[in-house]
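# Notes for the structure review
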Amino acid sequence: MTQITIRRPDDMHLHLRDGAMLQAVAPESARDFARAIIMPNLVPPVVTGAQALAYRDRILAAAPGFMPLMTLYLTETTDPADVAAAAASGLVKAVKLYPAGATTNSHGGVRDLDRVMPVLEKMAEIGLPLCTHGEVTTPEVDIFDREAVFIDTVLDPLRRRIPELRVVMEHITTEEGVAYAAQGGNLAATITTHHLIINRNHILVGGIKPHYYCLPVAKREKHRLALRRAATSGHPAYFLGTDSAPHVDALKEHACGCAGCFTATNTMPLLAHVFDEDGALDRLEAFTALNGAAFYGLTPNEDRLTLVKETTPVAFPPKIETGAGPVTVFDPGFAVHWRVL
Ligand code: NCD
Ligand code: ZN
């Protein structure tokens, strides 16, 4: 197959930032994607419905025609009534749980889940999904084990406590995450583009590659292969959330570099490459345009996107310029022949 037309995709986990960065990165997503679940980890975070409304307007101004699906950043003082009102108005599509200290701008996140039970119970009642950054932050737990330990010690107990709660395991990186999400029903998982392409060796072998460092950190090859099988399976519990997370080069190429891979610019060609390689191009639409919409109760996009396979490799810009500084575009490390028509 050298050409494929699918419904226009949605990105169910995206960081757009704010200010000059937002202005530069929002059009990169809007080029190929119709809608995106927008992460709320700004500084300060998007905690209230009023903040989400103002942020949505800034996104719309930066990328007219693109539809941001807003989320709220869960804190121990989040008001269940504010969440319910923001959901009822159609503004907010999910609430994001960041365990405090787990990732970029998560210091205002949740330390004690007991303190957010009233919010989670309200969300279960109204059917509003909880998006989880699924890593424990316990210093004793090895960074490569943090996802599996989160599933056993936080996620599974939470789902037993509130079985009606709809949960998205964000950016799963392990075979344990794949296996747990396979239950489906009111549970789903997003998978990023980069975790289908790199394993931990790509970050560490032959010199440290800061542009491959993200959280959750890429794991062993067997985990990458489990993610590939899940993404290309067509199973409704798995869908795309790129977790495209721009940081300026000065903060990536740093003694204490920021976590995040910027994939908004070339995600769809990279996914076409991955699905083609695995003989699963016929499932690219399910992963990028159908499964996520179905989980969030959205109608799939009517508009279409066509990808073509060229005989010669396609070049992507190595960086995009932003008013905050250059941002490096994710380099898969192999030749890509697919491009968006
Ligand atoms: C994200 C960011 O930079 O906001 N970074 C990342 O490595 N994925 C935060 C996150 O999703 O963990
Ligand atoms: Zn993220």
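## Regarding unusual backbone geometry
- Between Val43 and the following residue, Pro44, the backbone shows a cis peptide bond with an omega angle of -5 degrees.
- With respect to the helices, strands and loops of the structure, Pro44 is situated in the loop between strand 3 (35–38) and helix 2 (49–62).
- Cis geometry is adopted by the peptide bond preceding Pro216, which originates at Leu215 and carries an omega value of -10 degrees.
- Inspection of the secondary structure puts Pro216 in the loop between helix 7 (200–204) and helix 8 (221–231).
- Non-glycine residue Asn105 carries a positive phi angle of around 55 degrees.
- Inspection of the secondary structure puts Asn105 in the loop between strand 5 (92–97) and helix 4 (117–126).
- One non-glycine residue, His171, lies in the positive phi region at around 40 degrees.

## Observations concerning the pairing of strand 8 (residues 187–191)
- Across the five residues of strand 8, five count as buried, placing the element largely inside the fold.
- Burial along strand 8 is two-sided: Leu187, Ala189 and Ile191 and Ala188 and Thr190, pointing in opposite directions, are all buried.
- Crossover strand 7 (residues 167–169) to strand 8 through helix 6 (residues 175–181) is right-handed.

## Section: the nonpolar core
- One finds Leu16 and Leu120 to be the most contacted residues of the largest nonpolar core, which totals 94 residues.
- At six residues, helix 10 (residues 267–277) tops the list of elements feeding residues into this core.
- Apart from the residues within four sequence positions on either side, Leu120 is in contact with Leu74, Leu113, Leu130, Leu158, Ile162 and Leu165.
- Grouped together as the second largest cluster of nonpolar side chains are 16 residues, Ala94, Val168, Ala188 and Leu298 included.

## Here's the deal with the packing of aromatic side chains
- Under the criterion given, the structure shown has six aromatic pairs.
- A ring pair is formed by Tyr73 and Tyr98, whose centres lie 5.2 Å apart and whose planes are at 35 degrees; its orientation type is tilted. Here the residue Tyr73 occupies a position in strand 4 (residues 67–73), and Tyr98 occupies one in the loop between strand 5 and helix 4, the gap between them amounting to 25 residues. For the pair shown, Tyr73 and Tyr98 are each scored as buried.
- For the pair Phe295 and Tyr296, a centre-to-centre distance of 5.8 Å together with 80 degrees between the ring planes defines the contact as edge-to-face. Take Phe295 and Tyr296: they sit in the same class, and that class is buried.
- The structure contains a cluster of three or more aromatic residues connected by ring pairs, namely Phe239, Phe295 and Tyr296.
- Over the face of the ring belonging to Phe295 we find Arg166, whose NZ or CZ atom lies 4.2 Å from the ring centre.

## Observations regarding the sheet that holds strand 10 (residues 304–309)
- If you walk across this open sheet you meet the three strands as 1-10-13, and the pairing is antiparallel. What marks the edges here is a single partner per strand, and that holds for strand 1 (3–7) and strand 13 (338–340). Shown here is a sheet whose adjacent strand axes are inclined to one another by a mean of 25 degrees, direction ignored.
- Sheet topology note: the strand 1/strand 10 ladder contains five bridges and is antiparallel.

## Let's talk about the side chain of Lys219
- Among the secondary structure elements, Lys219 is positioned in the loop between helix 7 and helix 8.
- For the buried Lys219, which has no salt bridge, the nearest side chain bearing the opposite charge is Glu147, at an N-O separation of 4.7 Å.
- A polar contact is formed between the side chain of Lys219 and the side chain of Thr173, at a distance of 2.8 Å.
- A polar contact of 2.8 Å, which involves the side chain of Lys219, links it to the backbone oxygen of Val217.
- What Lys219 contacts, discounting residues up to four positions off in sequence, is Ile143, Phe144, Thr173, Thr174, Asn199 and Arg200.

Cut-offs applied
Residues numbered from 1 in each chain as written. Chains lettered and ligands numbered in written order. Predicted model: local features only at pLDDT ≥ 70, side-chain atom pairs only at ≥ 80, totals over all residues. Heavy atoms only, no water. Helix = DSSP H or I, 4+ residues; strand = E, 2+ residues; numbered from the N terminus. Buried < 20%, exposed > 50% of the residue type's maximum accessible area, 1.4 Å probe, protein only. Right-handed = clockwise from strand over helix to strand, strands pointing away. Core = buried A, V, L, I, M, F, W, Y, C linked by side-chain atoms within 4.5 Å. Contact = heavy atoms within 4.5 Å. Phe/Tyr/Trp six-rings, centres within 6.5 Å; stacked < 30°, edge-to-face > 60°. Lys NZ or Arg CZ within 6 Å of the ring centre and 35° of its normal. Pairing = 2+ DSSP bridges. Axes fitted to C-alpha atoms, helices over the stretch in contact; angles between N-to-C directions. Lys, Arg positive; Asp, Glu negative; His and termini not counted. Salt bridge = Lys/Arg side-chain N within 4 Å of Asp/Glu carboxyl O. Polar contact = N/O pair within 3.5 Å; in protein donor to acceptor, adjacent residues only side chain to side chain.

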